[in-house]
Amino acid sequence: MDVDCGSNHSLAVRADGTVWVWGSGSESKSPTQKAGLSNVVAVSAGYQFSVALKADGTVWGWGSNSSGQLGDNTTSDRSVPVQAQGLSNVIAVSAGHTHVLAVRSDGTVWAWGSNDSGEFGNDSTTSSPSPVQLPGQTAVMNMVGG
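Everything numeric in this text was worked out from a predicted model, so none of it was measured.

1. Thoughts on the pattern of salt bridges
Where charged atoms from two side chains of opposite charge approach closely, those side chains can pair. For the structure shown, the criterion picks out one salt bridge. Across the pair Asp72 and Arg78 runs a salt bridge, and its minimum N-O distance is 2.9 Å. Since its relative accessible area comes to 7%, Asp72 is described here as buried. Given the relative accessible area of 28%, Arg78 is considered partly exposed.

Below you can see the structure in the form of structure tokens.
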């Protein structure tokens, strides 16, 4: 089970792996099940978008995608969850304002979305609509219990 809140919306994962959403963007002021998601172990809410980590290690996102924060190599908003491209074996995910960071089981860190202020930590301000590996971050594995 997991919960998180974004700027105007909230998310929860039930023990059965379903995701429940409420607030802005969900069209409901009470929890409703997000269609198209199952076997979810964690969620994270950004600014007008959300991501979910499934038990199989894949990351799925929906909502605003103006900076490519859904990781599907587009900037098209999505009401139905789409899989972040090129990622597997993810063990942790966190949404920022308009970017996402993920840690894979091998300890590598991946980022996508806006990097206008250096959110990726890769000495760049180049954004990416699909996941990119951040160099020199494998030590983060110890911080997430690996």
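2. Quick word on the sheet that holds strand β2 (residues 9–13)
Pairing in this open sheet of four strands is antiparallel, and the strands run β1-β2-β3-β4 from one edge to the other. Each edge of the open sheet carries a strand with a single partner, namely β1 (2–5) and β4 (28–33). For this sheet, the mean inter-axis angle between neighbouring strands, taken without regard to orientation, is 10°.

3. Comments concerning the sheet that holds strand β7 (residues 59–63)
Note on sheets: strands pair through backbone hydrogen bonds, and any given pair is parallel or antiparallel. Within the open sheet, the four strands sit side by side as β5-β6-β7-β8. Their pairing is antiparallel. At either margin of the open sheet sits one strand with a lone partner, and together these are β5 (40–45) and β8 (78–83). Strand-to-strand twist across the sheet, computed as the mean angle between neighbouring axes with direction ignored, equals 20°. Pairing geometry for β7 and β8, over three bridges, is antiparallel. Across the sheet, residue Trp60 finds its bridge partner in β8, namely Gln83.

4. Overview of the nonpolar core
If you look at the biggest cluster of nonpolar residues, it comprises 16 residues, and the most contacted ones within it are Val51, Val59, Leu87, Val93, Val100 and Trp112. Mapped onto this core, the elements with two or more residues apiece are β6 (49–54), β9 (90–95), β10 (99–104) and β11 (109–113). Val40, Val43, Ala45 and Trp62 belong to the second-largest nonpolar core, a separate cluster that totals eleven residues.

Rules behind the numbers
- Sequence order as written defines residue numbering, which begins from 1 separately in each chain.
- Where totals are concerned, whole chains, interfaces and linings use all residues; where local detail is concerned, this predicted model gives features only for residues with pLDDT of at least 70, and gives and counts side-chain atom pairs only at 80 or more.
- Excluded from the side-chain calculations are hydrogens and water; all other atoms, namely the structure's heavy atoms, are used.
- The working definition used for a salt bridge is a side-chain nitrogen of Lys or Arg within 4 Å of a carboxyl oxygen of Asp or Glu.
- Any residue under 20% of the maximum accessible area for its type is buried, any over 50% is exposed, and the rest in between are partly exposed; the area is computed with a 1.4 Å probe on protein chains only.
- A pair of strands is labelled paired if DSSP reports no fewer than 2 bridges between them.
- Numbered from the N terminus, helices here are DSSP runs of H or I no shorter than four residues, and strands are runs of E no shorter than two.
- Only the stretch in contact is used when fitting a helix axis, every axis being a line fitted to C-alpha atoms; angles between N-to-C directions are given from 0 to 180 degrees.
- Think of a nonpolar core as a cluster: buried Ala, Val, Leu, Ile, Met, Phe, Trp, Tyr and Cys residues, connected wherever their side-chain atoms sit within 4.5 Å.

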